[in-house]
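Take a look at the letters that make up each chain.
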Amino acid sequence: MLKPIQAVHHAPRPHWVGDGFPVRSLFSYGDHGAALSPFLLLDYAGPAQFPPAQQPRGVGVHPHRGFETVSIVYEGEVAHRDSTGAGGTIGPGDVQWMTAASGILHEEFHSPEFTRRGGPLEMVQLWVNLPARSKMQPPGYQNILDADIPSVPLPEGAGRVRVIAGRYQGHAGPARTHTPMDVWDLRLNAGQRTRLPLVNGHTAALVVLRGRVRVNGEAEASDAQLVQLARDGEALDIEADTDAVLLFLGGEPIDEPVVGHGPFVMNTREEIIQAFHDFQNGRFGRMAASA
């Protein structure tokens, strides 16, 4: 049984995050993202062209608590560092999976090399909720390189699936997750179709980053649109009118209250107040001075 389509959501107007990321928020925990648990928010940055510069563009030091951020780079390079001392640079095909949990400070900028040469930037940042039992655990960081992500051919030459998290046809993604989920980077060739095997009862959504596709033979979706699916059902049909870059999100819903305010996502209002108090009193750690 195919998972029924619940809605096709259009992207809102873009806005800037810092001075380095022109993004469209395809969903957030304040709108229809409430039905997409365990996923909270998805920002699609670009595609955008940046000229060469002397000073890196990006987002300065800011806090998070209670969830994870997953940054997937399609074009360009992003440098990250945080208050645990972790950091690194991710480029095309790479993924940064940061677990804020009890609290973290971090910053994200265009890498020095990308700043010098300029060029196209395209990336996604996904926010993944944590269950209450994990929200106050120590923060963590996973730097997942393109070479570590299984790239699995679709049947009959239809395209490929890069398995970032979860499993596809026996291939396991490298990301360690706190609840069961699938995060798949899909490339579907023009004129091809495929059926994805999914988990009955899990949340499911298809993000169309670029291209034009038909989903379950009934709904069309194209650049920067989100196809929200019902939880019942065990498959999804996709047919590509053009070459398409897609992101599939599936996961076991976290059946807990979601109370968020800006960079903090907890279960109660009192926990949000505590998060602000802890941040203001320096309990998220400190950033080392820039080199």
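Remember, it's a predicted structure, so these values are computed and weren't measured experimentally.

A. Quick look at the nonpolar core. Counting residues in each nonpolar core, the largest one holds 29 residues, and the members touching the most others are Leu42, Trp97, Leu126, Val183, Leu247 and Leu249. Residues in contact with Leu126, not counting those within four places in the same chain, are Phe27, Phe39, Leu41, Leu42, Glu68, Thr69, Val70, Val183 and Leu249.

B. Highlighting the pattern of salt bridges. Within this structure, the stated rule accounts for 13 salt bridges. Among the ionic pairs, Glu113 bridges to Arg117, the shortest N-O distance being 3.7 Å. Placement of the pair is Glu113 and Arg117 together in helix α1 (residues 112-117), with a separation of four residues, close to one helical turn. A single network of salt bridges, built from pairs that share partners, joins Asp146, Arg162, Asp185 and Arg187.

C. Here's a closer look at the environment of Arg187. You can see Arg187 is positioned in strand β17 (residues 181-188). A C-alpha to C-alpha distance of 9.8 Å links Arg187 and Arg210, two positions 23 residues apart in sequence. In contact with Arg187, other than residues within four places in its own chain, are Tyr74, Leu154, Ala158, Gly159, Arg160, Ala244 and Val245. Looking at Arg187, its side chain comes within polar contact range of the side chain of Asp185, at 3.0 Å.

D. Highlighting the pairing of strand β22 (residues 225-229). Of all five residues in β22, five are buried; the element is thus mostly enclosed. On β22, burial covers both faces: Gln225, Val227 and Leu229 on one face and Leu226 and Gln228 on the other are all buried. In terms of strand pairing, strand β1 (residues 5-10) meets β22 through five bridges, oriented antiparallel. Residue pairing across strands places His9 opposite Leu226, the latter belonging to β22. As paired strands, strand β19 (residues 203-210) and β22 are joined by five bridges and run antiparallel to one another. Among the inter-strand pairings, Val208 is bridged to a residue of β22, identified as Gln225.

Criteria and thresholds
Residues numbered from 1 in each chain as written. Predicted model: local features only at pLDDT ≥ 70, side-chain atom pairs only at ≥ 80, totals over all residues. Heavy atoms only, no water. Core = buried A, V, L, I, M, F, W, Y, C linked by side-chain atoms within 4.5 Å. Buried < 20%, exposed > 50% of the residue type's maximum accessible area, 1.4 Å probe, protein only. Contact = heavy atoms within 4.5 Å. Salt bridge = Lys/Arg side-chain N within 4 Å of Asp/Glu carboxyl O. Helix = DSSP H or I, 4+ residues; strand = E, 2+ residues; numbered from the N terminus. Polar contact = N/O pair within 3.5 Å; in protein donor to acceptor, adjacent residues only side chain to side chain. Pairing = 2+ DSSP bridges.

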